[in-house]
Amino acid sequence: METIRLTTAQALVRFLANQYSERDGREQRLIPGVWGIFGHGNVAGVGQALLQAATTGEADLPYYLARNEQGMVHASVAYAKMRDRLATFACTASTGPGSTNMITGAALATTNRVPVLLLPSDMFATRAADPVLQQLEDTRGGDVTVNDAFRAVSKYFDRVSRPEQLVPAALAAMRVLTDPVETGAVTLALPQDVQAEAYDWPAEFFRRRVWHVGRPVPEAAAVERAARLLRTARKPLIVAGGGAVYSGAETALRAFAEATGVPVADTHAGKGAVPWDHPYAVGGIGSTGAHAANELARDADVVLGVGTRYSDFTTASHTVFGNPDVAFVNLNVARLDAVKHSAEPLVADARLGIEALAGALTDWEVPEAYRAHTRQLITRNREIENECFAPDRTTGALPAQTQILGALRDVLDDRAVVINAAGSMPGDLQQLWRARDPKAYHVEYAYSCMGYEVAAGVGVKMADPSREVVVLVGDGSYLMMAQEIVTMVSEGLKVVIVLVQNHGFASIGALSDSLGSQRFGTKYRYRDEDSGLLDGDVLPVDLAANASSLGADVLHAVSVEEFRSAMEKAGAATRTTVVHVETDLYGPNPPGHGWWDVPVSEVSALESTRTAYRTYAAHKQAQRPYL
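Rules of the game
Residues numbered from 1 in each chain as written. Predicted model: local features only at pLDDT ≥ 70, side-chain atom pairs only at ≥ 80, totals over all residues. Heavy atoms only, no water. Helix = DSSP H or I, 4+ residues; strand = E, 2+ residues; numbered from the N terminus. Rg over C-alpha atoms; globule rule 2.2 N^0.38 Å. Buried < 20%, exposed > 50% of the residue type's maximum accessible area, 1.4 Å probe, protein only. Core = buried A, V, L, I, M, F, W, Y, C linked by side-chain atoms within 4.5 Å. Contact = heavy atoms within 4.5 Å. Phe/Tyr/Trp six-rings, centres within 6.5 Å; stacked < 30°, edge-to-face > 60°. Lys NZ or Arg CZ within 6 Å of the ring centre and 35° of its normal. Axes fitted to C-alpha atoms, helices over the stretch in contact; angles between N-to-C directions. Left-handed = near helix turned anticlockwise from the far one by under 90°. Nonpolar A, V, L, I, M, F, W, Y, C, P; charged D, E, K, R; others polar. Pairing = 2+ DSSP bridges. Parallel < 35°, antiparallel > 145°, perpendicular 65-115°, else oblique. 1 Å grid on protein atoms, 1.4 Å probe; cavity = no way out; pocket = protein on both sides within 12 Å on 5 of 7 lines; lining within 4 Å. Points joined across faces, edges and corners; volume = space filled by probe spheres on them.

Visitor: Sorry if this is basic, but what is going on with the overall build of the protein here?
Guide: Scanning the protein from terminus to terminus reveals 24 helices and 23 strands. In terms of overall dimensions, the protein is globule-like: its C-alpha atoms have a radius of gyration of 25 Å, near the 25 Å expected for 627 residues. By principal-axis analysis of the C-alpha atoms, the protein measures approximately 70 × 70 × 55 Å. Here the protein holds 627 residues, and 59% of them are scored as buried.

Shown next as C-alpha cells:
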C-alpha cells in the first residue's frame, strides 16, 4: 500500500481539498476554504499545514482570516445556506476561548440544519504538560475538555486523539455534512500535539471524493395517502419552508398552486419560494405572519407543509391553525418533521414530492369560492403593507422602521439579498418584505442569533459575488458583533450595511411592554441617580463613527428621502458602505395577526403585569396540540 508521510494537520488539509458534492449532475467543492484565527493551539498545526499547502501547491485550500470565531462560523453558515447546503467552510480555532467562541455558531448551524465543519483545537492528547495554558481541569475525569461542550450542539462530534483516527473521523464528517437529514455543525476536536504528529497515511485517503446528495423518492403508497387526504379539503393551505428552497422546488410549487388553487404561505426560510406577487402567494404565516396567511390558516381543513419544521413562530405557538378538525400532510426529507402534528407523512425530497402530488391530483382543485376568498385576502394584505410604508406613518421626528423597509425595497432589484436575524426587523420583514427570488430573503430565524448579520454578509457575498448584498442590522445586534466589517474590507467585498439605530432593543422592548414589564432594561440609557434604573438620558453612542473606524465608508440619513438617496449612492459604491439611519424606538410596527407564547408572571405586585397575565390567559385558551 502506498503511503505518504504527513502530519495530522497536513493530512486533513490535503483531504479536505479533495472533497466534492454533487446533486443533479452538478459538482462543486464541498469545502472551498478554511476560516480561522490562530493561537498557540493551531498556529503550528493547522496553520502550518495551510501555509505549506499555499506555498507548495500540494493542496488547494485557501485560508481566510476572521476577526471573531463566532463570526467565521456565521459566515460559513450563510455561505452554505446560499449554496443550498451543498458547500460550506471549515473553521479552525485555537484552544480554550478561541474554540468555545464557536459554540454559538455551532448551535445556529445545527438549529438551522445547515452544514459547517468546525476544527477546535484541544489539549495535549499525551497530557505531557498538563495543565497547559487555557486548559480546564475537571475533577470528574482527565479526558474532559471545554470542547466537550460542542457535543450538545453538533450533529457529529469526534476527538482525534491519535493520527490514525483521522481517517474514519474525516469520512464520517463528510457523510454528515452532505446528508440533508442529518446535517448541521460537524466538530472534529484536534489536540494540539496530534495536529503536529507525523503518520504514514494511505495515499488512497487523499483521492478525489464526490459525495452524492440524492433526492429521496416519495413512496407511491405515501403519495396516494397524502393525495387522498388533500382531496377531502375544501380550504387547504400550503406552508412552504426552507426545504422547498434547498431542494429547488420553486417551479414545481408554483405550478401546483396554479393547478389546484391552493394558496401558499411561507416561513422565514421559505419566503421567495413563491414570488410575493404570485396570485396564490399569501405571505408569511404565524406569530408575525400576514393577514391573509393567518386568516386562511385559522379556517384551513388540510395543511400541506413543504419542508417546514413548524417552529412556534410558524404555528403561532399552536394557535394559528384554528379549525378543530384540521389535518396535516407533511412533505419533508426528514421523518422528524414529516410526522409532526400527527400528520400524514410524505418523506421525500420536496421537489419530487410536490411533482408526485401534482400527478396524483390532476383532476382536483379547490372550489372557485375559495380562490375568490384568497384573492380578497391578498388585496387586504397589499393595503396593510402600503399603510405601513406610507409617508405619514409616524408623527414623530424620526421615521418608522417600516418606512425604511419600504424605501429599501423600492431601490433594490429582485436579486439583491437582504440579511437579518434578530430584533424587531424579522417580524416586520416577514409581513412586509416582497421577495421574488428565493435567495433574496436571508433571515436566520431558527436560532435568531444577534450578531449574525454582519458576518453573514461576508458569507453571502462570497457565495454569490454577482448579487448586491444588504445587511439589515439594528444597533443591538451591531454591538454584539460588527468586527467582520474589517474582514469585508480586507477581502475587498462590497457589502451594504443598513445600520438602524433606535437606542435600544426595539423588539424586546415592545414585547416587555406587552407582557407588563414596562420595557425594563431594554433602552440604551444612563443610570438615573434618583430611580437607580437605566432610564436616564440617551447614551452618546456613535455607531457610524465605529463603522468608519473599522474601514467602511459611511453615509448618514435622518429621513426616508435621505435614506433613499444614501442607498442609491451605496449601490453605486465599489466597497463596503454603511448607511446609518435613526428610527423611532416605539415604532409603529405592522399590525399583529398572530400570538406568541411568552409566559407572564402569574402573580405580581404590578398592575401592568396583572393586566398582561389576564390577556395571556385568554390567549392560552386557543392553544392546543394537533392530534
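Visitor: Looking at this model, I keep getting lost on the nonpolar core. Mind explaining?
Guide: Grouped burial of nonpolar side chains is what soluble globular proteins tend to show. In this structure, Trp-35, Leu-118, Tyr-452 and Ile-497 are the most contacted members of the largest nonpolar core, which totals 57 residues. Top element by residues in this core is helix H3 (residues 69-82). It accounts for 8 residues. Setting aside residues no more than four positions away along its own chain, Leu-118 makes contact with Val-73, Cys-91, Met-102, Ala-106, Phe-150, Ala-185, Val-186, Thr-187 and Leu-188. Grouped together as the second largest cluster of nonpolar side chains are 56 residues, Ala-240, Val-264, Leu-377 and Ile-378 included.

Visitor: Teacher, can you tell me more about the packing of aromatic side chains here?
Guide: To describe a pair of aromatic rings, you give the distance between the ring centres and the angle between the ring planes. Overall, the coordinates contain 18 aromatic pairs when judged by the stated rule. For the pair Phe-313 and Tyr-445, a centre-to-centre distance of 5.1 Å together with 85° between the ring planes defines the contact as edge-to-face. Linking Phe-313 in helix H12 (residues 312-315) with Tyr-445 in the loop between strand E19 (441-443) and helix H18 (452-463), this pair joins segments that are 132 residues apart in sequence. By relative accessible area, Tyr-445 is classed as partly exposed at 22%. Grouping aromatic residues by their ring pairs yields a cluster made of Phe-15, Tyr-199, Trp-201, Phe-205 and Phe-206. It is Arg-208 that lies over the ring of Tyr-20; its NZ or CZ is 3.9 Å from the centre.

Visitor: Help me understand the packing of helix H16 (residues 401-411) against helix H23 (residues 560-572) in this model?
Guide: A pair of packed helices can be characterised by two numbers: the angle between their axes and the separation between those axes. In contact at an axis separation of 10 Å, H16 and H23 are set at 35° when each is read in the N-to-C sense. Crossing of H16 against H23: the hand is right-handed. Counted together, Gln-403, Ile-404, Ala-407, Leu-408, Asp-410 and Val-411 of H16 and Val-560, Phe-563, Arg-564 and Met-567 of H23 form the full contact between these two elements. Residues that form the contact of H16 with H23 fall into these classes: 7 nonpolar, 1 polar and 2 charged.

Visitor: I keep staring at the sheet that holds strand E20 (residues 469-474) and nothing clicks. Help me out?
Guide: In sheet architecture, strand pairing relies on hydrogen bonds along the backbone and comes in two forms, parallel and antiparallel. An order of E19-E18-E20-E21-E23-E22 is seen for the 6 strands of this open sheet, with the pairing classed as parallel. Of all the strands in the sheet, just E19 and strand E22 (553-557) have a single pairing partner and so form its edges. Between one strand axis and the next, the sheet turns through 20° on average, direction left out of account. Summarising the sheet, E20 and strand E21 (residues 496-501) pair through 5 bridges and their orientation is parallel. The residue of E21 that forms the bridge with Val-471 is Ile-497. Each of strand E18 (417-420), E19, E20 and E21 touches H18; the most contacted strand, E20, lies at about 175° to it.

Visitor: How do you make sense of the packing of H3 against helix H5 (residues 103-112) when you look at a structure like this?
Guide: Direction vectors running N to C along H3 and H5 enclose 20°, while the axes themselves pass 7 Å from each other. When the axes of H3 and H5 are compared, the pair comes out roughly parallel. Both H3 and H5 take part in a crossing whose hand is right-handed. Of the residues in H5, those touching H3 at Gln-70, Val-73, His-74 and Val-77 are Thr-104, Gly-105, Ala-106, Leu-108 and Ala-109.

Visitor: Explain empty space enclosed by the protein here, please?
Guide: Rolled over the atoms, a probe sized like a water molecule indicates the empty space that remains. Enumeration over the complete set of coordinates arrives at 4 cavities of 30 Å³ or more. Within this model, the largest cavity holds a volume of roughly 150 Å³. Lining the largest cavity we find 20 residues, and of these Lys-271, Trp-276, Gly-283, Glu-385 and Trp-433 sit closest to its centre. Where the lining of the largest cavity is concerned, the elements lending two or more residues are strand E14 (281-284), helix H15 (368-389) and helix H17 (425-432). Here the lining of the largest cavity takes 4 residues from E14, the largest share from any one element. By volume, the second largest cavity is sized at about 100 Å³. The wall of the second largest cavity is formed by Lys-81, Met-82, Gly-242, Val-245, Tyr-246, His-268, Ala-269, Lys-271, Pro-438, Lys-439, Tyr-441 and His-442. Elements represented by at least two residues in the lining of the second largest cavity include exactly H3, helix H9 (242-246) and E19. Here the lining of the second largest cavity takes 3 residues from H9, the largest share from any one element.

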